[in-house]
Amino acid sequence: TQGWQMFQSPLYYLISAFLWNIPLSQWFDTTTAMLLLRIIPLLCGFLQVELTYRAVRYVFPNRQELQIWGTIIGGLLPMNLYISHVVGNEPLSGLLSTCAVVVGFLLLTSEQEVIPDRYFILMGAALGLALLTKVSAVLLVPMAVMLVIYVLDKKRQSIRYIALRVFLVSGIIIVISGWYYLRNWMELG
C-alpha cells in the first residue's frame, strides 16, 4: 500500500538489499555498486542455460544432437537474454521455476521404483522460493501436484503414499512462501 510496486514478492529484493548494504555500497561508489547488482540476473541467466541443458538431457537421454540444439535454443531465447542484464526479480523467478520444471522432468523420467524424498523436497523448495520471488510462479504449483500424482500412480504407489508426497511438496511451499501471502492477505485483503 506504500507505492506502485510494493506488492512484489520480496526474495530478490532481500538478496539485492543484502548485497547492497554489506559489500557493494561499502566497497564501491554508487554507480559501480548499481552496475554490480546486475550480477544476480546475469548469474541467473547462465544458470538458466545449465538447467536447460539438464532438462533436455532428461527428455532426450540418448540424443546428443537434440541435447545440443535444445540447449542452444533454450539458452538463447530472446527473453532470457533480455532479462539477464536488467535488475529485477524476473531472472531469479525464471531460474527457480526452471529448477522446479527440471525436477519434474527428473521425476517423470526416473526409473527408480521408489523415488527418493529429496526430489520432492527439492521441488517444494524450488516452487516455494519461486513464489517468494514472483507471484506468477503459482501457475506451476497445480501442474507440479498433478505431476507428482501421475508419476507416483504410474509407479503403482498407494494412495496414502501419493497423498503424503503431495503434502510434502505443498507443505514445503507453504512453509517457505506462505507467510508472505498470509501477510498480504491480512494487510491488503
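Everything below is about the structure printed above this text.
Here goes a summary of the coordinates provided.

Reading guide: rules and limits
Residues numbered from 1 in each chain as written. Predicted model: local features only at pLDDT ≥ 70, side-chain atom pairs only at ≥ 80, totals over all residues. Heavy atoms only, no water. Helix = DSSP H or I, 4+ residues; strand = E, 2+ residues; numbered from the N terminus. Buried < 20%, exposed > 50% of the residue type's maximum accessible area, 1.4 Å probe, protein only. Contact = heavy atoms within 4.5 Å. Areas by Shrake-Rupley, 256 points an atom, 1.4 Å probe, with all protein chains shown as cover. Lys, Arg positive; Asp, Glu negative; His and termini not counted. Charge placed at Lys NZ, Arg CZ, Asp CG, Glu CD. Salt bridge = Lys/Arg side-chain N within 4 Å of Asp/Glu carboxyl O. Patch = residues over 30% accessible without salt bridge, like charges linked within 9 Å, V, L, I, M, F, W, Y side chains within 5 Å. Phe/Tyr/Trp six-rings, centres within 6.5 Å; stacked < 30°, edge-to-face > 60°. Lys NZ or Arg CZ within 6 Å of the ring centre and 35° of its normal. Core = buried A, V, L, I, M, F, W, Y, C linked by side-chain atoms within 4.5 Å. 1 Å grid on protein atoms, 1.4 Å probe; cavity = no way out; pocket = protein on both sides within 12 Å on 5 of 7 lines; lining within 4 Å. Points joined across faces, edges and corners; volume = space filled by probe spheres on them. Nonpolar A, V, L, I, M, F, W, Y, C, P; charged D, E, K, R; others polar.

## Comments concerning the overall build of the protein chain
Next up, step 1: When helices and strands are counted, the protein chain shows 9 helices and 0 strands.
Next up, step 2: Secondary structure elements in the protein chain, listed N-terminal to C-terminal, are α-α-α-α-α-α-α-α-α.
Next up, step 3: Projecting the C-alpha coordinates of the protein chain onto the three principal axes gives extents of approximately 60 × 50 × 25 Å.
Next up, step 4: Counting every position in the protein chain, which comprises 189 residues, the buried fraction comes to 41%.
Next up, step 5: Restricting the contact set of the protein chain to residue pairs at least 6 apart, pairs at least 24 apart contribute 70%.
Next up, step 6: For the protein chain, the computed accessible surface area is about 11,700 Å², with 70% contributed by carbon and sulfur atoms.
Next up, step 7: Taking the average location of the 12 positive side-chain charges in the protein chain and that of its 9 negative ones, the two points are 4 Å from each other.

## Let's talk about the pattern of salt bridges
Next up, step 1: This model, assessed by the stated rule, comprises 4 salt bridges.
Next up, step 2: A salt bridge links Arg54 to Glu50, with the nearest nitrogen and oxygen atoms 2.8 Å apart. Here Glu50 and Arg54 lie together in helix α3 (residues 39–59), a separation of 4 residues that amounts to about one turn.
Next up, step 3: Under the relative-accessibility criterion, Glu50 is labelled partly exposed at 32%.

## Concerning unusual backbone geometry
Next up, step 1: Positive phi outside glycine occurs at Arg156, with the angle close to 60°.
Next up, step 2: If you trace the backbone, Arg156 turns up in the loop between α8 (140–154) and α9 (159–188).

## With respect to the side chain of Ser110
Next up, step 1: With respect to the element layout, Ser110 can be found in the loop between α6 (90–109) and α7 (117–133).
Next up, step 2: Looking at Ser110, the relative accessible area reads 16%, which means it is buried.
Next up, step 3: In contact with Ser110, other than residues within four places in its own chain, are Ile115 and Lys155.

## Considerations on a nonpolar patch on the surface
Next up, step 1: Taken together, the side chains of Ile68, Trp69, Ile72, Ile73, Leu76, Leu77 and Leu81 make up a nonpolar region of the molecular surface, amounting to roughly 710 Å² of accessible area.
Next up, step 2: The element best represented in the nonpolar patch is helix α4 (residues 64–75), accounting for 4 residues.
Next up, step 3: Tracing the sequence through the fold places Ile73 in helix α4.
Next up, step 4: Assessed through its relative accessible area of 53%, Ile73 is described here as exposed.

## Examining the packing of aromatic side chains
Next up, step 1: Scanning the model with the defined rule gives 3 aromatic pairs in all.
Next up, step 2: Ring plane angle 85° and centroid distance 5.2 Å describe the contact between Tyr12 and Tyr13, whose orientation is recorded as edge-to-face.
Next up, step 3: Residue Tyr12 is classed as buried on the basis of its relative accessible area, which comes to 1%.
Next up, step 4: By relative accessible area, Tyr13 is classed as partly exposed at 37%.
Next up, step 5: When the ring of Tyr180 is compared with that of Tyr181, the centres are 4.9 Å apart and the planes differ by 80°; the resulting orientation is edge-to-face.
Next up, step 6: By relative accessible area, which is 4% here, Tyr180 ends up buried.
Next up, step 7: Ring pairing ties together the aromatic residues Trp179, Tyr180 and Tyr181, which thus form one cluster.
Next up, step 8: The ring of Tyr161 has Arg165 lying over it, and the distance from NZ or CZ to the ring centre is 3.9 Å.

## Observations concerning the nonpolar core
What tends to happen in soluble globular proteins is that the nonpolar side chains get buried as a cluster.
Next up, step 1: Within the largest apolar cluster, 37 residues are counted, with the highest numbers of intra-cluster contacts made by Leu107, Met123 and Val148.
Next up, step 2: Looking at this core, the elements with two or more residues in it are α1 (11–27), α3, α6, α7, α8 and α9.
Next up, step 3: Each residue touching Val148, except ones within four places of it in the same chain, is listed here: Leu107, Phe120, Met123, Arg165, Val166 and Val169.

## Section: the layout of surface pockets
Next up, step 1: By volume, the largest pocket is sized at about 280 Å³.
Next up, step 2: If you trace the largest pocket, you find 17 residues lining it, with Gln48, Leu77, Asn80, Gly94 and Thr98 closest to the centre.
Next up, step 3: Mapped onto the lining of the largest pocket, the elements with two or more residues apiece are α3, α5 (78–83) and α6.
Next up, step 4: The element best represented in the lining of the largest pocket is α6, accounting for 8 residues.
Next up, step 5: When the residues that make up the lining of the largest pocket are grouped by side-chain class, the tally is 8 nonpolar, 8 polar and 1 charged.

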